[in-house]
Amino acid sequence: MMKNYDVVVIGAGPGGLTAALYASRANLSVAILDRGIYGGQMNNTAEIENYPGFDSILGPDLSEKMYNSSTRFGATFEYGTVESIEDKGSKKIIHTDDGDYETSVVIIATGSQYKKIGVPGEEEMSGRGVSYCAVCDGAFFKNQDVAVIGGGDSAVEEGVYLTQLAKSVTIIHRRDQLRAQKILQDRAFKNDKINFVWNADVEEITSEDGKVSGVKYVDKETGDEKVVPASGAFIYVGIQPMTDPFQDLGILDSENWIETNDKMETSVPGVYAIGDVRKKDLRQITTAVGDGGIAGQEAFNYIQTLSDADLADVK
Ligand code: FAD
Ligand code: NAP
């Protein structure tokens, strides 16, 4: 059976939750559609200390608070994985694995997912020592040696987090300089439990008896092949947009990020995109929230321009 809303927000991360708050507070009927629990990437973050109003807050706690705010004015949470969107002019049909939705406005807030490095052992040992989430899996490596691959904010921040649990953390990076924010770098350099391996091309996640045993890499300066012994390999080599369901709308750039203007409008009238899924420079909770506020308000403005005929159900 088709469900009808003025606005459907796809993705219940910080961006989507904020958009739902603004649109529902403007008295529109709003669904927040997600394939999992609300909170998005915040659920994979231990401590958040750059969200104003809190010195530090756990990711799942901030998720709960945002969810409560976003549903306060009547927005409904719906489960489902979005598979595609049909553009019928003033109406859009959203197809999910659990039914269809008809709506005047779609706000895409599907975020991004971790990239893989694509070396032998990565896929085979996933869940058996290879992980993309220190908060979820760190506790399995208490007092053990672990490796973190990457040099951005995620690798460094999660590496520091892992020192609370692991015996040692070796950050393996492909260059001789980190990409992470300075404050995170300073923390990592000061931490006695963290070692660095620079200029390393990771070749393989090695294993013994069905468990991860280390990370094999080539030292780019000497050409030597070496191994960092580790029971866990945490991979943080960047993110890619979650935009497969939107391929046919013609709103993606060459790397599959969604392009918008500063009103969060895509090239399709009535379709907005916010948060990490957008082509943008800074992907943070604060920027997702900012985008969400703008799109929630713009959804209201857009609906004011539609005629009664436009607003009538098509199915
Ligand atoms: P997301 O939070 O990614 O949420 C997207 C939602 O869309 C998810 O719930 C997902 O299930 C849903 N979804 C995706 N596809 C579909 C589909 N087809 N159908 C239905 N639902 C779908 N930022 C900070 O400001 N401070 C930090 O300390 C911080 N720490 C971080 C630590 C890590 C390890 C990572 C990876 C990121 C961190 N970030 C941090 C970045 C921050 O988490 C993101 O910028 C933010 O969560 C993006 O919000 P979003 O709403 O755009 O998307
Ligand atoms: P990122 O910033 O894209 O960094 C990816 C890192 O992995 C880079 O250091 C990159 O090396 C390395 N890398 C990429 N491909 C690789 C490969 N194939 N093999 C080995 N190394 C590879 O990604 P991220 O750290 O996951 O961050 C994603 C977004 O979330 C960013 O916008 C970030 O700011 C945000 N975030 C914010 C916080 C925070 O504010 N506290 C915390 C976490 C994440 P090079 O440096 O050589 O390119």
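The structure displayed is predicted, hence computed values, not measured ones.

K.L.:
Which parts of the structure should I look at to understand the packing of helix 1 (residues 14-25) against helix 6 (residues 285-304)?
P.N.:
What describes two packed helices is the angle between their axes and the distance between those same axes. Axis separation between helix 1 and helix 6 bottoms out at 7 Å; the angle between their running directions is 30°. Overall, the two elements helix 1 and helix 6 adopt an arrangement that is roughly parallel. The hand of the helix 1/helix 6 crossing is right-handed. Two secondary-structure elements touch here, helix 1 through Pro14, Gly15, Thr18, Ala19, Tyr22 and Ala23 and helix 6 through Ile285, Ala288, Val289, Gly292, Gly293, Gly296 and Gln297. For the contact of helix 1 with helix 6, the class distribution of residues is seven nonpolar, six polar and no charged.

K.L.:
How should I be thinking about the pairing of strand 16 (residues 225-229) in this particular structure?
P.N.:
Across five bridges, strand 15 (residues 211-219) lies against strand 16 in antiparallel orientation. Bridge pairing in strand 16 places Val215 opposite Val228.

K.L.:
Explain the site of ligand 1 to me, please; I cannot follow it from the model alone.
P.N.:
Close to ligand 1 lie 30 residues; Gly15, Asp34, Gln41, Asn50 and Asp276 are nearest. A distance of 3.4 Å separates a nitrogen atom of ligand 1 from a polar atom in the side chain of Glu157. Here an oxygen atom of ligand 1 sits 2.9 Å away from a polar atom, N or O, in the main chain of Ile285. Here ligand 1, which alone exposes 1,000 Å², has 93% of that area covered by the protein. Of all the secondary structure elements, the ones that give two or more residues to the shell around ligand 1 are helix 1, strand 9 (112-114), helix 4 (153-162) and helix 6. The element best represented in the shell around ligand 1 is helix 4, accounting for three residues. A per-class count over the shell around ligand 1 returns nine nonpolar, 15 polar and six charged.

K.L.:
Explain helix 5 (residues 182-190) to me, please; I cannot follow it from the model alone.
P.N.:
The α-helix winds at 3.6 residues per turn, so residues separated by three or four positions along the chain end up facing the same way. Taken together, the buried positions of helix 5 are occupied by Leu184, Gln185 and Ala188. Buried residues in helix 5, looked at end-on, bunch into an arc of 100°, giving them a common side. Facing away from the buried side of helix 5, by more than 90 degrees, are the exposed residues Lys182 and Lys190. Where helix 5 is buried, its residues meet helix 4 and strand 13 (194-197).

K.L.:
Looking at this structure, how should I read the side chain of Ser90?
P.N.:
Secondary-structure assignment places Ser90 in the loop between strand 6 (82-88) and strand 7 (91-96). Within the structure, Ser90 has its side chain in polar contact with the backbone oxygen of Asp310 (distance 3.2 Å). Filtering out sequence-adjacent residues up to four positions away, Ser90 remains in contact with Thr103, Ser104, Tyr302, Leu306 and Asp310.

Calculation criteria
- Starting afresh in each chain, residues are numbered from 1 along the sequence in its written order.
- To label them, take the chains in the order written and letter them from A, then take the ligands in the order written and number them from 1.
- Since the coordinates come from a predicted model, pLDDT governs what is reported: local features require at least 70, and pairs of side-chain atoms require 80 or more to be given and counted, while whole-chain, interface and lining totals use all residues.
- Side-chain figures throughout are based on the complete set of non-hydrogen atoms in the structure, without hydrogens or water.
- Lines fitted to the C-alpha atoms define the axes, with helices restricted to the stretch that makes contact. Angles between their N-to-C directions range from 0 to 180 degrees.
- Segments assigned H or I by DSSP are reported as helices when at least four residues long, segments assigned E as strands when at least two residues long, and all are numbered from the N terminus.
- Throughout this description, any angle smaller than 35 degrees is read as roughly parallel, any larger than 145 degrees as roughly antiparallel, any in the 65 to 115 degree range as roughly perpendicular, and the remainder as oblique.
- In this scheme, a crossing is called left-handed if the near helix is turned counterclockwise away from the far one by less than a right angle; it is called right-handed if the turn is clockwise.
- In this analysis, two residues are considered to be in contact whenever any of their non-hydrogen atoms come within 4.5 Å of each other.
- The nonpolar class holds Ala, Val, Leu, Ile, Met, Phe, Trp, Tyr, Cys and Pro. Asp, Glu, Lys and Arg form the charged class, and all remaining residues, Gly among them, are polar.
- Note: two strands are recorded as paired if DSSP finds a minimum of 2 bridges between them.
- Any residue with a non-hydrogen atom lying within 4 Å of a molecule or strand is treated as near it.
- In the analysis that follows, any N or O atom pair within 3.5 Å is treated as a polar contact, provided that within protein one partner can donate a hydrogen and the other can accept it, and provided that, for residues neighboring in sequence, both atoms belong to side chains.
- What sets the accessible areas is the Shrake-Rupley method with a 1.4 Å probe; for residues, cover comes only from the shown protein chains.
- Between buried and exposed lies partly exposed: a residue is buried under 20% and exposed over 50% of the maximum accessible area for its type, with that area taken using a 1.4 Å probe on protein chains only.
- By construction, the arc corresponds to the directions joining the helix axis to the C-beta atoms.

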